[in-house]
Amino acid sequence: MKILFRNKTRYTKQIYKEFLEFHQEKYGATYMGYTVLLIILFIFCIILQIQSRNYLLSILTLCILIGFVFWRLYNPIKTVQKEIQSEKIENQQEFIFKFYERKFIIYGKKMKSEIKYWKLYKIFETDDYFYLYIDKDHAFLLSKNGFEIGTPNNFREFIKRKCRFKFKKEL
(Lines give C-alpha, C1' and ligand atoms only; values in the text may rest on other atoms or scores of the structure.)
Protein backbone atom coordinates (compact mmCIF):
# COMPACT_ATOMS: atom_id res chain seq x y z
CA MET A 1 0.00 0.00 0.00
CA LYS A 2 1.24 3.43 -0.92
CA ILE A 3 1.21 6.14 1.73
CA LEU A 4 -0.61 9.16 0.29
CA PHE A 5 -0.21 11.46 3.28
CA ARG A 6 1.80 11.34 6.47
CA ASN A 7 1.25 13.71 9.36
CA LYS A 8 3.01 14.01 12.70
CA THR A 9 1.13 15.97 15.38
CA ARG A 10 2.17 16.51 18.99
CA TYR A 11 -0.79 16.81 21.40
CA THR A 12 -0.22 19.60 23.93
CA LYS A 13 -2.48 21.31 26.45
CA GLN A 14 -2.62 24.37 24.20
CA ILE A 15 -3.72 22.35 21.17
CA TYR A 16 -6.31 20.51 23.26
CA LYS A 17 -7.68 23.80 24.65
CA GLU A 18 -8.01 25.17 21.11
CA PHE A 19 -9.89 22.01 20.15
CA LEU A 20 -12.20 22.35 23.17
CA GLU A 21 -13.02 25.94 22.21
CA PHE A 22 -13.78 24.84 18.65
CA HIS A 23 -15.88 21.92 19.87
CA GLN A 24 -17.83 24.12 22.29
CA GLU A 25 -18.52 26.65 19.55
CA LYS A 26 -19.68 23.88 17.19
CA TYR A 27 -21.74 21.68 19.51
CA GLY A 28 -22.27 23.65 22.76
CA ALA A 29 -25.56 25.28 21.76
CA THR A 30 -27.05 21.96 20.61
CA TYR A 31 -26.00 20.26 23.84
CA MET A 32 -27.56 23.03 25.93
CA GLY A 33 -30.68 23.06 23.77
CA TYR A 34 -31.29 19.35 24.35
CA THR A 35 -30.61 19.81 28.06
CA VAL A 36 -33.11 22.67 28.39
CA LEU A 37 -35.72 20.80 26.35
CA LEU A 38 -35.46 17.73 28.57
CA ILE A 39 -35.57 19.85 31.75
CA ILE A 40 -38.80 21.44 30.51
CA LEU A 41 -40.21 18.00 29.75
CA PHE A 42 -39.32 16.74 33.24
CA ILE A 43 -40.89 19.82 34.86
CA PHE A 44 -44.03 19.29 32.79
CA CYS A 45 -44.20 15.67 33.99
CA ILE A 46 -43.74 16.78 37.61
CA ILE A 47 -46.54 19.33 37.30
CA LEU A 48 -48.86 16.73 35.77
CA GLN A 49 -48.07 14.29 38.59
CA ILE A 50 -48.74 16.93 41.25
CA GLN A 51 -52.06 17.88 39.61
CA SER A 52 -53.16 14.25 39.62
CA ARG A 53 -52.07 14.03 43.29
CA ASN A 54 -49.45 11.40 42.57
CA TYR A 55 -46.86 12.84 44.95
CA LEU A 56 -44.58 9.82 45.14
CA LEU A 57 -44.14 9.73 41.37
CA SER A 58 -43.56 13.50 41.28
CA ILE A 59 -40.82 13.17 43.91
CA LEU A 60 -39.25 10.32 41.93
CA THR A 61 -39.38 12.40 38.73
CA LEU A 62 -37.83 15.35 40.60
CA CYS A 63 -34.97 13.10 41.78
CA ILE A 64 -34.44 11.91 38.22
CA LEU A 65 -34.43 15.55 37.03
CA ILE A 66 -31.81 16.50 39.62
CA GLY A 67 -29.67 13.52 38.61
CA PHE A 68 -30.05 14.40 34.93
CA VAL A 69 -29.02 18.05 35.45
CA PHE A 70 -26.07 16.99 37.58
CA TRP A 71 -24.95 14.49 34.92
CA ARG A 72 -25.32 16.95 32.02
CA LEU A 73 -23.27 19.59 33.83
CA TYR A 74 -20.74 17.40 35.64
CA ASN A 75 -19.91 14.77 32.99
CA PRO A 76 -18.36 17.15 30.39
CA ILE A 77 -16.21 18.81 33.06
CA LYS A 78 -15.03 15.43 34.36
CA THR A 79 -14.29 14.20 30.84
CA VAL A 80 -12.22 17.28 29.97
CA GLN A 81 -10.24 17.07 33.23
CA LYS A 82 -9.58 13.37 32.63
CA GLU A 83 -8.41 14.06 29.07
CA ILE A 84 -6.13 16.95 30.10
CA GLN A 85 -4.54 14.75 32.77
CA SER A 86 -4.15 11.83 30.35
CA GLU A 87 -0.72 10.60 29.32
CA LYS A 88 -1.06 11.82 25.75
CA ILE A 89 -1.60 15.45 26.85
CA GLU A 90 0.61 15.48 29.95
CA ASN A 91 3.58 13.97 28.11
CA GLN A 92 2.86 15.85 24.89
CA GLN A 93 2.59 12.58 23.03
CA GLU A 94 3.26 12.58 19.32
CA PHE A 95 0.93 10.77 16.93
CA ILE A 96 1.74 9.73 13.38
CA PHE A 97 -1.11 9.53 10.89
CA LYS A 98 -0.61 7.57 7.68
CA PHE A 99 -3.30 7.95 5.04
CA TYR A 100 -3.89 5.33 2.39
CA GLU A 101 -6.51 5.05 -0.33
CA ARG A 102 -9.10 3.16 1.77
CA LYS A 103 -8.07 3.81 5.39
CA PHE A 104 -5.74 5.66 7.70
CA ILE A 105 -3.62 4.36 10.55
CA ILE A 106 -2.71 6.24 13.73
CA TYR A 107 0.50 5.33 15.55
CA GLY A 108 1.14 6.49 19.08
CA LYS A 109 3.15 5.34 22.05
CA LYS A 110 2.16 1.68 22.51
CA MET A 111 -0.87 2.12 20.26
CA LYS A 112 -1.95 1.58 16.70
CA SER A 113 -5.46 2.18 15.32
CA GLU A 114 -6.80 1.60 11.85
CA ILE A 115 -9.86 3.54 10.67
CA LYS A 116 -11.73 3.43 7.41
CA TYR A 117 -12.88 6.78 6.03
CA TRP A 118 -16.57 5.88 6.03
CA LYS A 119 -16.42 5.52 9.82
CA LEU A 120 -15.59 9.19 10.32
CA TYR A 121 -18.44 11.25 11.76
CA LYS A 122 -17.38 14.74 10.57
CA ILE A 123 -14.26 16.50 9.35
CA PHE A 124 -13.60 20.16 10.06
CA GLU A 125 -10.78 22.30 8.74
CA THR A 126 -9.63 25.41 10.60
CA ASP A 127 -6.72 27.73 9.87
CA ASP A 128 -4.25 25.47 11.69
CA TYR A 129 -5.87 22.02 12.05
CA PHE A 130 -7.98 19.28 10.59
CA TYR A 131 -10.33 17.75 13.16
CA LEU A 132 -11.33 14.21 12.19
CA TYR A 133 -14.30 13.37 14.41
CA ILE A 134 -14.90 9.68 15.04
CA ASP A 135 -18.11 10.42 16.93
CA LYS A 136 -19.92 13.45 18.34
CA ASP A 137 -17.40 13.99 21.12
CA HIS A 138 -14.02 12.57 20.04
CA ALA A 139 -11.70 13.69 17.29
CA PHE A 140 -8.20 13.25 15.98
CA LEU A 141 -6.28 16.52 15.65
CA LEU A 142 -4.00 16.96 12.65
CA SER A 143 -1.72 19.97 12.55
CA LYS A 144 -1.41 21.52 9.10
CA ASN A 145 2.27 22.09 9.86
CA GLY A 146 2.77 18.38 10.55
CA PHE A 147 2.52 17.03 6.99
CA GLU A 148 5.68 15.13 6.05
CA ILE A 149 4.19 13.54 2.93
CA GLY A 150 1.66 15.62 1.03
CA THR A 151 0.39 19.12 1.71
CA PRO A 152 -2.61 20.47 3.62
CA ASN A 153 -4.19 21.62 0.33
CA ASN A 154 -3.83 18.19 -1.26
CA PHE A 155 -5.09 16.54 1.93
CA ARG A 156 -8.15 18.80 1.94
CA GLU A 157 -9.07 17.70 -1.58
CA PHE A 158 -8.40 14.05 -0.74
CA ILE A 159 -10.49 14.01 2.45
CA LYS A 160 -13.30 15.95 0.74
CA ARG A 161 -13.43 13.25 -1.91
CA LYS A 162 -13.38 10.43 0.65
CA CYS A 163 -15.95 12.00 3.00
CA ARG A 164 -18.11 13.98 0.61
CA PHE A 165 -20.86 15.25 2.89
CA LYS A 166 -18.91 15.18 6.14
CA PHE A 167 -16.24 17.80 5.35
CA LYS A 168 -16.63 21.44 6.34
CA LYS A 169 -14.13 24.28 6.24
CA GLU A 170 -14.33 26.70 9.16
CA LEU A 171 -12.82 30.16 8.89
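Check the entry above for the structure.
Computed from a prediction, not measured in an experiment: that's the story for all the values here.

About the cut-offs
- The residue count restarts for each chain, going from 1 along the sequence in the order it is written.
- It should be noted that, the model being predicted, local features are given only for residues of pLDDT at least 70 and side-chain atom pairs only at 80 or more, the latter also being counted only at that level, while totals for whole chains, interfaces and linings use all residues.
- The side-chain numbers reported here are obtained from all heavy atoms of the structure, hydrogens and water having been left aside.
- Note on definitions: salt bridges are taken to be side-chain nitrogens of Lys or Arg within 4 Å of carboxyl oxygens of Asp or Glu.
- Comment: elements are numbered from the N terminus, with helices defined as DSSP H or I runs of at least four residues and strands as E runs of at least two.
- Only protein chains enter the accessibility calculation, which uses a 1.4 Å probe; a residue is then buried when its area is under 20% of its type maximum, exposed when over 50%, and partly exposed in between.
- We define the nonpolar core as a collection of buried residues of types Ala, Val, Leu, Ile, Met, Phe, Trp, Tyr and Cys that are connected through side-chain atoms lying within 4.5 Å of one another.
- Any two residues whose heavy atoms approach within 4.5 Å at even a single point are treated as in contact.
- By this rule, a helix spans an expected 1.5 Å times one less than how many residues it contains.
- Bend, at a single residue, is the angle you get between axes fitted to the 7 residues ending at that residue and the 7 residues starting at it.
- A patch is a set of surface residues, each over 30% in relative accessible area and not in a salt bridge, joined within 9 Å for like charges and within 5 Å for the nonpolar side chains Val, Leu, Ile, Met, Phe, Trp and Tyr.
- To be clear on the numbers: accessible area is Shrake-Rupley with a 1.4 Å probe, and residue cover counts the displayed protein chains and nothing else.

1. Structural notes on the pattern of salt bridges
Throughout the structure, instances matching the rule amount to eleven salt bridges. Across the pair Arg156 and Glu125 runs a salt bridge whose closest N-O atoms are separated by 2.7 Å. With a gap of 31 residues between them, Arg156 in helix α4 (residues 152-162) and Glu125 in strand β5 (residues 122-125) connect regions that are remote in the sequence. Residue classification places Glu125 among the buried positions, given a relative accessible area of 0%. Because the salt bridges share partners, they merge into one network encompassing Arg6, Lys8 and Glu148.

2. Re the nonpolar core
One finds Phe99, Phe104, Phe140, Leu142 and Phe155 to be the most contacted residues of the largest nonpolar core, which totals 34 residues. Counting residues per element, the ones that place at least two in this core are α1 (13-51), β2 (94-99), β3 (103-108), β5, β6 (129-133), β7 (139-143) and α4. Setting aside chain neighbours within four positions, we find Phe99 in contact with Lys2, Ile3, Leu4, Phe5, Phe104, Tyr117, Leu132, Leu142, Phe155 and Phe158.

3. Digging into helix α2 (residues 55-84)
In a regular helix each residue adds 1.5 Å, so 30 residues correspond to 44 Å; α2 covers 44 Å between its end C-alpha atoms and thus fits that length. At Tyr74, α2 shows its maximal bend, which comes to roughly 30°, and the proline Pro76 appears one to four places after that position. Buried within α2 we find Ser58, Thr61, Leu65, Phe68, Arg72 and Ile84. Structurally, α2 contributes buried residues whose contacts are with α1 and α3 (87-90).

4. Examining a nonpolar patch on the surface
Together, Leu38, Leu41, Phe44 and Leu48 make up an exposed nonpolar region whose accessible area comes to about 350 Å². Of note, Phe44 is situated in helix α1.

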